[in-house]
Amino acid sequence: MARRTRTRFWDPSGRRYGIPTYPRKKIPPHLRTLRQLAAEGLRPGDQGPQAQVLWCSRVPGPPRVRAAYLYDVRLALPTRTPGRRTRTTAPKGRTCPQCLTDAIDRRLGVCPDCAEEAAA
């Protein structure tokens, strides 16, 4: 028996779905997902999704179509480096106000070491 070709999601012109659509494993080499861009140290920049990948979900229940948006790697920009203030400030509510460690007990408002010193 011949294997069925996956032409259901093949729409490189974008006539059927409004945006160029490809099945899995048939994606042009210059298109990447957001996770793939991030792994390469890139971000989409100002470009919107250039294409999409559609596939049928294999979760139990009624079949549903899943989608992943693709971005052109040639238009992608390098990821931004955080500014000096962002790098030096710790996340709010997680640091001890006395010793500036990350191990804070939210009930006490300070880290366990500072709580012991205050109790003694």
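Bear in mind that the values here come from a model prediction, so they are computed numbers and not experimental data.

J.: Describe the confidence of the model for the protein, naming the residues involved and giving the relevant values.
T.: Mean pLDDT over the protein stands at 84; residues scoring 70 or higher make up 88%. The lowest-confidence element of the protein is helix 2 (residues 84-88), averaging 68 in pLDDT; the highest-confidence one is strand 2 (residues 31-32), averaging 96.

J.: Could you give me a rundown of the sheet that holds strand 5 (residues 65-72), with the residues and numbers involved?
T.: Taken in spatial order, the four strands make up an open sheet running 1-4-5-2, and their pairing is mixed. Each end of this open sheet is capped by a strand with a single partner; those strands are strand 1 (21-22) and strand 2. Bridge count between strand 2 and strand 5: two bridges; the pairing is antiparallel. From the neighbouring strand, Leu 31 faces strand 5, where its bridge partner is Asp 72.

J.: Before we move on, can you summarise the state of the cysteines with the specific residues and values?
T.: Taken as a whole, this structure holds zero disulfides when the rule is applied. Just so you know, Cys 111 is unpaired, no disulfide at all, and the nearest cysteine sulfur is the one on Cys 99, 3.4 Å from it. Taking relative accessible area as the criterion, Cys 111 reaches 3% and is therefore assigned buried. Cys 114 takes part in no disulfide bond, and the closest cysteine sulfur to it belongs to Cys 111, at a distance of 3.5 Å. Relative accessible area serves as the criterion here: at 7%, Cys 114 is assigned to the buried category.

J.: Tell me about unusual backbone geometry, residues and numbers included.
T.: Even without being a glycine, Lys 25 presents a positive backbone phi close to 65°. With respect to the helices, strands and loops of the structure, Lys 25 is situated in the loop between strand 1 and strand 2. Classification of Lys 25 as exposed rests on a relative accessible area of 78%.

Calculation criteria
- Residues numbered from 1 in each chain as written.
- Predicted model: local features only at pLDDT ≥ 70, side-chain atom pairs only at ≥ 80, totals over all residues.
- Heavy atoms only, no water.
- pLDDT = per-residue confidence, 0-100.
- Helix = DSSP H or I, 4+ residues; strand = E, 2+ residues; numbered from the N terminus.
- Pairing = 2+ DSSP bridges.
- Disulfide = S-S within 2.5 Å.
- Buried < 20%, exposed > 50% of the residue type's maximum accessible area, 1.4 Å probe, protein only.

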